[in-house]
Amino acid sequence: MTSDTKTAGGQADYESAAATAPKAVASFDDHRHGIGHKIQHSLHQTPSLVPLIVLVLSLAIFGILLGSKLFSPFAMTLILQQVQIVGIVAAAQSLVILTAGIDLSVGAIMVLSSVVMGQFTFRYGLPVEIAIVCGLICGTICGYINGFLVAIVKLPPFIVTLGMWQIVLATNFLYSANETIRSQEISELAPLLQFFGNKVNIGGAIFTYGVIFMVLLILVLAYALRQTAWGRHVYAIGDDPEAAQLSGVQVKKVQISVYMLSGLICAFAGWAMIGRIGSVSPTTGQLANIESITAVVIGGISLFGGRGSILGTLFGALIVGVFTLSLRLLGADAQWTYLLIGILIIGAVAIDQWIRKVSV
Amino acid sequence: MEPVLQARNLVKRYGRVVAMDHADFELYPGEILAVIGDNGAGKSTLIKALSGAVLPDDGDILLDGKPVHFASPIDARAAGIETVYQTLAMSPALSITDNMFMGREIRKPGFRGAWLRQLDRKKMEEIARDKLNELGLLTIQNINQAVETLSGGQRQGVAVARAAAFGSKVVIMDEPTAALGVKESRRVLELIKDVKARGLPIVLISHNMPHVFEVADRIHIHRLGKRACVIKPSDFSMSDAVAIMTGAMDPPDSLAA
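All figures in this text were calculated on a predicted structure; none of them were measured in a lab. (Residues numbered from 1 in each chain as written. Chains lettered and ligands numbered in written order. Predicted model: local features only at pLDDT ≥ 70, side-chain atom pairs only at ≥ 80, totals over all residues.)

Visitor: Please set out the overall build of chain A residue by residue, giving values where relevant.
Guide: Looking only at helices and strands, chain A has 15 helices and two strands in total. In terms of overall dimensions, chain A has C-alpha extents of about 90 × 50 × 35 Å along its principal axes. In chain A, which comprises 360 residues, the proportion classed as buried is 49%. (Helix = DSSP H or I, 4+ residues; strand = E, 2+ residues; numbered from the N terminus. Buried ≥ 20, exposed ≤ 12 C-beta atoms within 10 Å, placed from the backbone.)

This is how it looks when you write it as structure tokens:
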């Protein structure tokens, strides 16, 4: 520091004792070199590393136990097909959780959107393309209501989406009259509804359009979150909304955009669900909200907002998929899956807390 | 000489409490003006009105002699008034660069910026590093380090650098040394002088009399919702200033506002 000498006259007497001390207060040296700190630091910088390691480890362990039964193109892509819906919904959930919110209504929005797509086509005889657009708009509007109540009315996200969950689900049952549209009818009259069920076969590996959509969606969102101002603002709001506001982020706008986008993605998930199960059923997808939160948490995104990466969510969803399929192939009771997932959730949050302490 | 930033007859009421009672304020080019006042004297409200965080009920704010109306801190920033808040207003999990450019990110030129909205990280990092260096701040190892991994003084340094980098007219600093240790306070005071040396006028709100008397060119003493007087630190002692501030001594007649 070259400025010390010339300003020494301005210092108060009591400070002169400190003046002789080393002045490196403001240097960015990292003086912690322990291996624990190094791990902590790299996890802090790349939060999706934890779920990736868990995913690789679980694949390795189950691979040893199951051998080629698991490591076949068919089984691997089956996992992808089984997680596609949860993966898409979890992508929406990630966005909301990154802003320190939570969306309990994702599953309900997904089902209502798929019902709108189906009923608009079969009850009102609208062209299927228009019915699908209506379904997507329906999801976006539900998201907007969430966003409006959270950002403008300032209600807690948990309460808002808990209420919307019930409201949207009830609307779904009332509107659909609890009526399922059968798969045969759809494939005859409106095959576009089952678009995401279409398959691409690459050497025994079967990719549905839904799986491809999930992966593309996550990649696009990862880009938006890392490389655009909007993405940085999402993180800043999750970190500290007041600080974000003072440094010039339009907090309300961004929050509403996040909930709207979440609703839209859920509507796409509803469309993908028609492709997955073939029919339009108002009673499916009841667990999507809990499953999506599970994937997000195991994926290392902090429930307190502002930390984590959406790639982690994909890994989180895949971990659940690997556990579910492997344990079934091993012939274990399905409850073992839930037990292990429970342990993973608690472990993931414990690691999140540890990573947060990097600054202390 | 014309004041850079001026306030006339500002009034702000919160219910029956009058936080500002026809308060005046003047900041001249190139000076450090300290604002002191007891708790509840209304200096925070005054500063918030100047930085756009509070909308006054009555009165005028003039920037370079022209009346301005700030509906939000974003407006004030756009007009060239940067504020370093006591809370620093930074996102701890984001990097130094991200924080410096929060709300005014630079996008890449051409298709990738206009259509893909991609940020120009390289350019932002370059500017951030330049600005930190310019203020003699730090041997930076990693400009992409998260702000929460910095010490209190380093964070303050980054916040000051952000304000100095983007403030074209005025920098307002709210209690910049309140949370810092002796050495770190010293560093921040040097920073304040550096910013002044670059020609930017500074409004410094502080409770720390030795700091105020060291760096300020003039001291605005706020009392009971308005300006009691403005003194020069060379003409008065710290105890006089405190006496005026608390009402134990009447402001000198010649200087009374």
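Visitor: Before we move on, could you go through the overall build of chain B and cite the residues and values that matter?
Guide: Looking only at helices and strands, one finds nine helices and ten strands in chain B. Over its C-alpha atoms chain B spans a radius of gyration of 19 Å, differing by no more than 12% from the 18 Å that the globule rule assigns to 257 residues. Within chain B, the proportion of its 257 residues that are buried is 47%. The contacts in chain B between residues at least 6 apart in sequence include a share of 66% that link residues at least 24 apart. (Rg over C-alpha atoms; globule rule 2.2 N^0.38 Å. Contact = placed C-beta atoms within 7 Å.)

Visitor: Lay out the domain arrangement of chain B in plain terms, naming residues and giving numbers.
Guide: By a frequent convention, interface size equals the accessible area lost on bringing the separate parts together. All names here are of chain B. Looking at chain B, the domain boundaries give domain 1 (5–89 + 151–246) and domain 2 (94–145). If you average the C-alpha positions of domain 1 and of domain 2, the two centres end up 28 Å apart. Across the boundary between the two partners, domain 1 contributes nine residues, which contact ten residues of domain 2. When residues of the side of domain 1 that touches domain 2 are traced back to their parent elements, those giving at least two are helix H6 (152–166) and helix H7 (182–197). Residue contributions to the side of domain 1 that touches domain 2 peak at seven residues, all from H6. The residue inventory of the side of domain 1 that touches domain 2, partitioned by class, reads six nonpolar, one polar and two charged. (Domains from an automatic or database assignment. Nonpolar A, V, L, I, M, F, W, Y, C, P; charged D, E, K, R; others polar.)

Visitor: Could you give me a rundown of the sheet that holds strand S6 (residues 81–84) of chain B, with the residues and numbers involved?
Guide: Residue and element names in this part refer to chain B. Reading across the sheet, the six strands line up as S6-S7-S8-S3-S9-S10 and stay open at both edges, with mixed pairing between neighbours. Of all the strands in the sheet, just S6 and strand S10 (226–231) have a single pairing partner and so form its edges. Geometrically, the sheet is characterised by an average inter-axis angle of 20° between neighbouring strands, direction not taken into account. Where strand S7 (residues 170–174) meets strand S8 (residues 202–205), four bridges bridge the pair, whose relative direction is parallel. By the bridge assignment for S8, isoleucine 172 is matched with valine 203. (Pairing = 2+ DSSP bridges. Axes fitted to C-alpha atoms, helices over the stretch in contact; angles between N-to-C directions.)

Visitor: Account for the nonpolar core, naming residues and giving values.
Guide: Judged by nonpolar contacts, the single largest core of 177 residues is most densely connected at Ile88, Val89, Ile265, Ala269 and Ile319 of chain A together with Val203 of chain B. In terms of residue count, helix H12 (residues 251–277) of chain A provides more of this core than any other element does, 16 residues in total. Each of domain 1 (5–89 + 151–246) and domain 2 (94–145) of chain B contributes no fewer than three residues to this core. Ignoring any residue separated from it by four or fewer positions in sequence, one finds isoleucine 319 of chain A in contact with Pro51, Val54, Leu55, Ser58, Ile298 and Leu344 of chain A. (Core = buried A, V, L, I, M, F, W, Y, C linked by C-beta atoms within 7 Å.)

Visitor: Got a sec to walk through the UniProt feature "transmembrane region" (unreviewed entry) in chain A? Specific residues and values, please.
Guide: With numbering aligned to this structure, UniProt lists the feature "transmembrane region" (unreviewed entry) at residues 49–71, 83–110, 130–151, 202–225, 256–274, 311–330 and 336–355 of chain A. The annotated region residues 202–225 of chain A carries 71% helix and 21% strand content, and the separation between its end C-alpha atoms amounts to 31 Å. (UniProt positions renumbered as here; feature names shortened; annotations may be inferred.)

Visitor: Give me helix H15 (residues 334–356) of chain A: which residues, what numbers.
Guide: Residue and element names in this part refer to chain A. Compared with an ideal rise of 1.5 Å per residue, which puts 23 residues at 33 Å, H15 spans 34 Å between its outermost C-alpha atoms and is within 8% of the ideal. Those residues of H15 that sit buried are Leu344, Ala348, Asp352 and Ile355. Looking at the packing, one finds that the buried side of H15 touches helix H2 (35–45), helix H13 (288–298) and helix H14 (310–329). (Expected span 1.5 Å × (residues − 1).)

Visitor: Which residues make up the confidence of the model for chain B, and what values go with them?
Guide: Here chain B shows a mean pLDDT of 89. Residues at 70 or above account for 96%. Model confidence for the complex: the whole-complex pTM is 0.87, and ipTM, which rates the interface, is 0.86. (pLDDT = per-residue confidence, 0-100.)

Visitor: Report on the pairing of strand S2 (residues 205–208) of chain A, specifying residues and quantitative values.
Guide: Examined bridge by bridge, strand S1 (residues 199–202) of chain A and S2 of chain A share four bridges and lie antiparallel to one another. The residue bridging valine 200 of chain A from the neighbouring strand is phenylalanine 207 of chain A, located in S2 of chain A.

Visitor: Account for the sheet that holds strand S5 (residues 66–68) of chain B, naming residues and giving values.
Guide: Residue and element names in this part refer to chain B. The sheet built from four strands is open, its strands ordered S2-S1-S4-S5 with antiparallel pairing. Edge strands, defined here as strands with exactly one partner in the open sheet, are strand S2 (17–27) and S5. Across this sheet, the average inter-strand angle for adjacent strands is 30°, counted without regard to direction. Relative to S5, strand S4 (residues 58–63) runs antiparallel, the two sharing three bridges. Bridging from a neighbouring strand, leucine 63 pairs with lysine 66 of S5. Most of the contacts of helix H1 (residues 43–50) go to strand S1 (residues 5–14), to which it runs at about 120°, and overall it touches S1, S2 and S4.

Visitor: Explain H13 of chain A to me, using residue names and the numbers behind them.
Guide: Side chains that are three or four residues apart share a direction in an α-helix, a result of its 3.6 residues per turn. Residues and elements named next belong to chain A. Summarising burial for H13: ten of the eleven residues are buried, a large majority. All buried positions along H13 are accounted for by Ala288, Asn289, Glu291, Ser292, Ile293, Thr294, Ala295, Val296, Val297 and Ile298. Where H13 is buried, its residues touch helix H3 (49–66), helix H4 (73–98), helix H5 (106–122), helix H7 (157–176), H14 and H15. A positive phi of about 90° marks glycine 300, the residue just after H13.

Visitor: Explain the pairing of strand S9 (residues 218–223) of chain B to me, and be specific about the residues and the numbers.
Guide: All names here are of chain B. In this sheet, S9 lies alongside strand S3 (residues 32–37) in parallel orientation, the contact comprising five bridges. Paired with glycine 37 across the two strands is histidine 222, which belongs to S9. The pairing of S9 with S10 spans five bridges and is antiparallel. The partner of isoleucine 219 across the bridge, within S10, is isoleucine 231. Connecting S9 to the antiparallel partner S10 that follows it, the hairpin turn spans two residues, and leucine 224 within it adopts a positive phi of roughly 50°.

Visitor: Describe the environment of tyrosine 209 of chain A, naming the residues involved and giving the relevant values.
Guide: Relative to the helices and strands, tyrosine 209 of chain A is located in helix H9 (residues 209–227). Considering only alpha carbons, one finds tyrosine 209 of chain A and isoleucine 277 of chain A, 68 residues apart in sequence, at a separation of 14 Å.

Visitor: Let's hear about unusual backbone geometry: which residues, and what values?
Guide: Although it is not a glycine, alanine 100 of chain A adopts a positive phi angle of roughly 70°. Counting through the fold element by element, alanine 100 of chain A comes out in the loop between H4 and H5. Of the residues examined, alanine 100 of chain A has 19 C-beta atoms within 10 Å and is grouped as partly exposed. Unlike most non-glycine residues, leucine 88 of chain B shows phi in positive territory, near 75°. With respect to the secondary-structure elements, leucine 88 of chain B resides in the loop between S6 and helix H3 (96–100). The buried category is assigned to leucine 88 of chain B, around which 24 C-beta atoms lie within 10 Å.

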